[in-house]
Amino acid sequence: MPSVSTRDLTRRFGSVVAVNSLTLDIPDSGVVGLLGPNGSGKSTLIRILLGLIRPTEGAAHVLGQPISHPAAYVHDVGALIEGPAFVAGLSARRNLLSLARLRGLPATRVDEVLEIVGLTGRDREPVSQFSLGMKQRLGIGAALLSDPRLLILDEPTNGLDPAGIVEVRALLRTLAEAGSTVLVSSHLLSEIEAACDHLVVLRFGRLIFDGPMRDLLTQASAHIDIAAEHPDQTAPLAEVVAAAGWTVTTLDGAVRVAADGADAANINRTAHAAGIALRQLVVVQDSFEDIFLSMTGRTDGELAAARAAGDAEAGEVGGTQ
Amino acid sequence: MMNTLRSEVVRLWRPRLMIGWLGLTAAAAVLINMVMFQLVGEGGSTPPAGPGVAFPDAATLASNEGLIVGLSAAASMFGVITLAFWATATASDTSSGLIRLLVAAQPHRWRLIAGKTLALTLLTALVTTVATAVNIAAANALAPLADLSTDAWGTDLAQVAGEAWLNTFATLVVWRVIGLALAVLTRSAAAAVSIGVGYVLVVESVITAAASDLAEWLPGSTLSALAAGGNAVIDYGTAAALALGYVVVGLGLASVVLTRRDITD
């Protein structure tokens, strides 16, 4: 049974469709990355799953329970939503104690969580004196209070130093290995790549990828950048390689060949046979960032959405004239 | 519901917050007694009631109610302080984003309102007790300076003080509910306090001046009458019934709005 499943889930805010006919299944264990540009619907989806907002259409289940009855599953769900939120004048301990009381948990659980997130010893200080990283740790602690089967973390490493990031990554892995599902929403692609087993990618509220991380990485393509020993041989080099059947693009002083590493030796031989010595031959594999940007576009999501809306409006105006 | 109550008490029990609320209430009790006894001591005529206060005459101060009459005289002042405190405590849940965690942990949102209401009721009882104690101490200290006879003050003291405490408590509970409802509706402490205080000090006075027939239905007049155990305009039973109506409407409105609203903050 998936930990989260949605069917044609849609949420509109006026004319804006934040989540658009979303159908997905999130596995019941492991670390799952939720990715998408700004305005792609990640936060709206998380809020729907937590019962903070209601969908306009469609259905969803969390831990097998319908989202129309969040009381049936919230005791098994922990969340850090859009940054930590606490009473600034209260200590870390009392903030957690307040949330523990709300969930009917014993005070001893607060001690356990403070230990897990490394705030033991600082727990009696007011949250107002905490750095962003410490608040983030406290936010993760609040999400862990109920020892959840499903942990939803929005930008969990925000504000953490490199050591803290590694620590949180290890914590997420430990939780996943213990059988929990950890759903991580983040803009840090390197974090998602390092931590996640499964990936969900949204764009304009629509699902554009849902599957294991390795499936996405196999979509990565490669190319080979070559450069002739003498710059005036760049054009002839492009011609002979193209004549041999490869697709080429001429760059500034180099040639990009659409080929993977297996063709490197043949490309070198082709150039050599034409009397051109290569001073550079580099096999370049697409990065996770390249794959992500090719899927979602290279423009800020909200700006792209605004431009699209503007274009549509202009089109409508034009059509009526 | 007990979980939400216990959670609220942990969050509300902050030294600065409580000292501020109790301190302001105590200061208001001292202030009203100073003004009341000074006016009587100077022998001038009693000034007319203004927004938030109604000054008793010398005969009332010398009666067995004189010891605690400051509570009802400044009922609206205590009420505004209570409204501001509760509006701030409620709206800060939204402005800080804490409401996301609360609703995610307790999806029965009406229980959050109920727990907060119970917690506020407990703390309002504490504040009423402090106001009563400070008022009694201030009256005892200031009466000799006004050369006022206090021979009648001991008569039925427990009953008089008990009734004053109960009426003040009931009044503050209604003000508290109004503050909570305004905060839920506006999601802003500043807006809720501004609306509440502005209403008490300005709007109700204007409405009363323009349409005096309406005065007995308005919150300020109703709650002043409730605090005083009834007055010439509104009898005690009517004031209590109207106050109950304000509580039901206020809590009902807050519950419906919080239950139906998307938590996007």
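For clarity, every value in this text was computed on a predicted model and none was experimentally measured.

Student: Any chance you could break down the overall build of chain A for me, citing the residues and the numbers?
Tutor: When helices and strands are counted, chain A shows 11 helices and 14 strands. Here chain A has a C-alpha radius of gyration of 25 Å; the compact-globule value for 321 residues is 20 Å, and the former is much larger. For chain A, the spread of C-alpha atoms along the principal axes amounts to about 80 × 60 × 40 Å. A buried classification covers 47% of the 321 residues belonging to chain A. Relative to all contacts within chain A whose residues are 6 or more apart in sequence, the contacts with residues 24 or more apart total 67%.

Student: Provide a residue-level description of the side chain of Glu204 of chain B, including the pertinent values.
Tutor: Residues and elements named next belong to chain B. Turning to its location among the elements, Glu204 is positioned in helix H9 (residues 189-210). Although Glu204 is buried, it makes no salt bridge; Arg176 carries the closest opposite charge, 18 Å away. From its side chain, Glu204 meets the backbone nitrogen of Ser221 in a polar contact 2.6 Å long.

Student: How would you explain the nonpolar core if you had to name every residue and give the values?
Tutor: Leu199 of chain A together with Phe37 of chain B are the most contacted members of the largest nonpolar core, which has 133 residues in total. Ranked by residues supplied to this core, first place goes to helix H7 (residues 109-142) of chain B with 11 residues. Once you skip the residues sitting within four places of it in the chain, Phe37 of chain B turns out to touch Leu61, Gly66, Ala139, Leu142, Ala143, Ala146, Leu148 and Trp153 of chain B. If you look at the next biggest cluster of nonpolar residues, it comprises 21 residues, including Val177, Leu182, Ala192 and Val247 of chain B.

Student: Go over the environment of Thr150 of chain B, please, and point to the residues and values.
Tutor: Residue and element names in this part refer to chain B. With respect to the secondary-structure elements, Thr150 resides in the loop between H7 and helix H8 (157-186). For Thr150, a relative accessible area of 31% gives the class partly exposed. Each C-alpha atom of the pair Thr150 and Ala139 lies 9.8 Å from the other, and the pair is 11 residues apart in sequence.

Student: Mind laying out the interface of chain B and chain A, listing which residues take part and the relevant values?
Tutor: With 30 residues of chain B at the contact, the number on the chain A side is 28 residues. Buried surface at the junction of chain B and chain A, both sides included, amounts to about 2500 Å², of which 60% is carbon and sulfur. Of all residues in chain B, the largest losses of buried area upon contact with chain A belong to Val10, Arg100 and Leu101 of chain B, amounting jointly to 25% of the total for that side. Remark: the boundary between chain B and chain A carries one salt bridge. Notably, a salt bridge pairs Asp262 of chain B with Arg11 of chain A, separated by 2.7 Å at the nearest N-O pair. Our enumeration of links across chain B and chain A arrives at 12 residue pairs in polar contact (both at pLDDT 80 or more). Of all the elements in the fold, those that place two or more residues in the side of chain B that touches chain A are helix H1 (2-12), helix H6 (98-105), H7 and helix H11 (236-260) of chain B. Taken together, the residues of the side of chain B that touches chain A break down into 12 nonpolar, nine polar and nine charged.

Student: Before we move on, could you go through the pairing of strand S3 (residues 30-35) of chain A and cite the residues and values that matter?
Tutor: Each regular strand carries side chains that alternate between the two faces of the sheet. Residues and elements named next belong to chain A. Buried residues dominate S3, accounting for six of its six residues. Side-chain alternation along S3 places Gly30, Val32 and Leu34 on one buried face and Val31, Gly33 and Leu35 on a second face that is also buried. As defined by bridge partners, S3 adjoins strand S8 (residues 181-185) across five bridges and the pair is classed as parallel. By the bridge assignment, Gly30 is partnered in S8 with Thr181. Pairing of S3 with strand S9 (residues 198-203) involves four bridges; the strand directions are parallel. Of the residues in S9, the one forming a bridge with Gly33 is Leu199.

Student: With reference to specific residues and values, describe the packing of helix H10 (residues 219-227) of chain B against H11 of chain B.
Tutor: Residue and element names in this part refer to chain B. One can describe the packing of H10 onto H11 by two numbers: an axis separation of 8 Å at closest approach and a directional angle of 125°. Classed by the angle they form, the pair H10 and H11 counts as oblique. In the packing of H10 onto H11, the handedness of the crossing is left-handed. Listed contacts from H11 to Pro219, Thr222, Leu223, Ala225 and Leu226 of H10 are Tyr236, Ala239, Ala240, Leu242, Ala243 and Tyr246. The class makeup of the residues in the contact of H10 with H11 is 10 nonpolar, one polar and no charged.

Conventions used here
Residues numbered from 1 in each chain as written. Chains lettered and ligands numbered in written order. Predicted model: local features only at pLDDT ≥ 70, side-chain atom pairs only at ≥ 80, totals over all residues. Heavy atoms only, no water. Helix = DSSP H or I, 4+ residues; strand = E, 2+ residues; numbered from the N terminus. Rg over C-alpha atoms; globule rule 2.2 N^0.38 Å. Buried < 20%, exposed > 50% of the residue type's maximum accessible area, 1.4 Å probe, protein only. Contact = heavy atoms within 4.5 Å. Lys, Arg positive; Asp, Glu negative; His and termini not counted. Salt bridge = Lys/Arg side-chain N within 4 Å of Asp/Glu carboxyl O. Polar contact = N/O pair within 3.5 Å; in protein donor to acceptor, adjacent residues only side chain to side chain. Core = buried A, V, L, I, M, F, W, Y, C linked by side-chain atoms within 4.5 Å. Buried area = accessible area lost by both parts, 1.4 Å probe. Nonpolar A, V, L, I, M, F, W, Y, C, P; charged D, E, K, R; others polar. Pairing = 2+ DSSP bridges. Axes fitted to C-alpha atoms, helices over the stretch in contact; angles between N-to-C directions. Parallel < 35°, antiparallel > 145°, perpendicular 65-115°, else oblique. Left-handed = near helix turned anticlockwise from the far one by under 90°.

Honestly, it's all geometry; don't read function into it.
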